[in-house]
Amino acid sequence: MGFYGTAVLPRLVDATGGSRALDPLRRRVCAGLAGDVVEIGFGSGLNVAFYPAAVARVAAVEPAEVGWELAGKRLRATSIPVQWSALDGQSLPFPDDSYDAALSTWTLCTIPDVAAALRELRRVLRPGGTLHFVEHGLAPDERVRRWQRRLEPVQKRVFGGCHLTRPVVDLLTTAGFTITELDVFYEKGTPKCGGADSLGIALSP
Ligand SMILES: C[S@@+](CC[C@H](N)C(=O)[O-])C[C@H]1O[C@@H](n2cnc3c(N)ncnc32)[C@H](O)[C@@H]1O
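I will try to describe carefully the structure that is included in this document. (Residues numbered from 1 in each chain as written. Predicted model: local features only at pLDDT ≥ 70, side-chain atom pairs only at ≥ 80, totals over all residues. Heavy atoms only, no water.)

Things to note about the state of the cysteines
So, point 1. According to the stated counting rule, one finds zero disulfides in the structure shown.
So, point 2. Counting only cysteine sulfurs, Cys109 is the nearest neighbor of Cys30, a cysteine outside any disulfide, at a range of 16 Å.
So, point 3. According to the relative accessible area criterion, Cys30 is buried, its value standing at 0%.
So, point 4. The closest cysteine sulfur to the non-disulfide-bonded Cys193 is located on Cys162, 12 Å from its own sulfur.
So, point 5. With relative accessibility at 14%, the residue Cys193 sits in the buried group. (Disulfide = S-S within 2.5 Å. Buried < 20%, exposed > 50% of the residue type's maximum accessible area, 1.4 Å probe, protein only.)

In structure tokens form, the structure reads like this:
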């Protein structure tokens, strides 16, 4: 990854993802997290302020060093221990069944082998553990999908491999998760192509 990917992109993600308009979605997706939690695509820690008090500790998985640096002020403001624990969600250095819950916010779009990342989350979550997710992906409407297919090559170049057309719910169920809560909607204030969100909870059997 060049200068753009290592230095510019994490700041761009921090600025766009830090919009206050997303706070209600971050609050909703983090609600109910408890115990030992693994967060993939931790970025600059924009979810930290929304971790419930029942969270015992968080293992942050994030390849971008600049993201971790930008998270500093958020980490100092929380009493929940957060440790930068791994670089790649596709291969997690954790034992089987070692986490109570997992968190992924607008990350499954970017991980190159998303099926591998979901397999890894299944492996490290204990039976009955939950994946809390809010992800943008393939839109419910064909008209929007057409634009997503047209714009995806540009999106991938500008946003570090971010896909617009990943079918979030299908990916989760194919990986063996059972969806127990789901809300599908267009994000307010975001073009529909990049704002077709799925927010919910997926259970690891
Ligand atoms: C669009 S950003 C979302 C960041 C953060 N979750 C948020 O809600 O603002 C996607 C994140 O996934 C991270 N990422 C990319 N490839 C990854 C991988 N293989 N494993 C884990 N995280 C990855 C990126 O560095 C980036 O921080």
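Topic: the side chain of Thr130
So, point 1. Tracing the backbone shows Thr130 in strand S5 (residues 125–136).
So, point 2. When its relative accessible area of 19% is taken as the criterion, Thr130 is described as buried.
So, point 3. Thr130 has contacts with Asp100, Ala101, Ala102, Leu125, Ile201, Ala202 and Leu203, leaving out every residue within four places of it along the chain. (Helix = DSSP H or I, 4+ residues; strand = E, 2+ residues; numbered from the N terminus. Contact = heavy atoms within 4.5 Å.)

Let's talk about a positive patch on the surface
So, point 1. Side chains of Arg143, Arg146, Arg150 and Lys192 sit close together on the surface and give a patch of like positive charge.
So, point 2. For Arg146, the location among the structural elements is in helix H6 (residues 142–158). (Patch = residues over 30% accessible without salt bridge, like charges linked within 9 Å, V, L, I, M, F, W, Y side chains within 5 Å. Areas by Shrake-Rupley, 256 points an atom, 1.4 Å probe, with all protein chains shown as cover. Salt bridge = Lys/Arg side-chain N within 4 Å of Asp/Glu carboxyl O. Lys, Arg positive; Asp, Glu negative; His and termini not counted. Charge placed at Lys NZ, Arg CZ, Asp CG, Glu CD.)

Side note on the environment of Leu25
So, point 1. Turning to its location among the elements, Leu25 is positioned in helix H2 (residues 23–30).
So, point 2. Between the C-alpha atom of Leu25 and that of Leu92, which follows or precedes it by 67 residues, the distance is 26 Å.
So, point 3. Apart from the residues lying within four places of it in its own chain, the contact partners of Leu25 are Trp106, Phe185, Glu187, Asp197 and Leu199.

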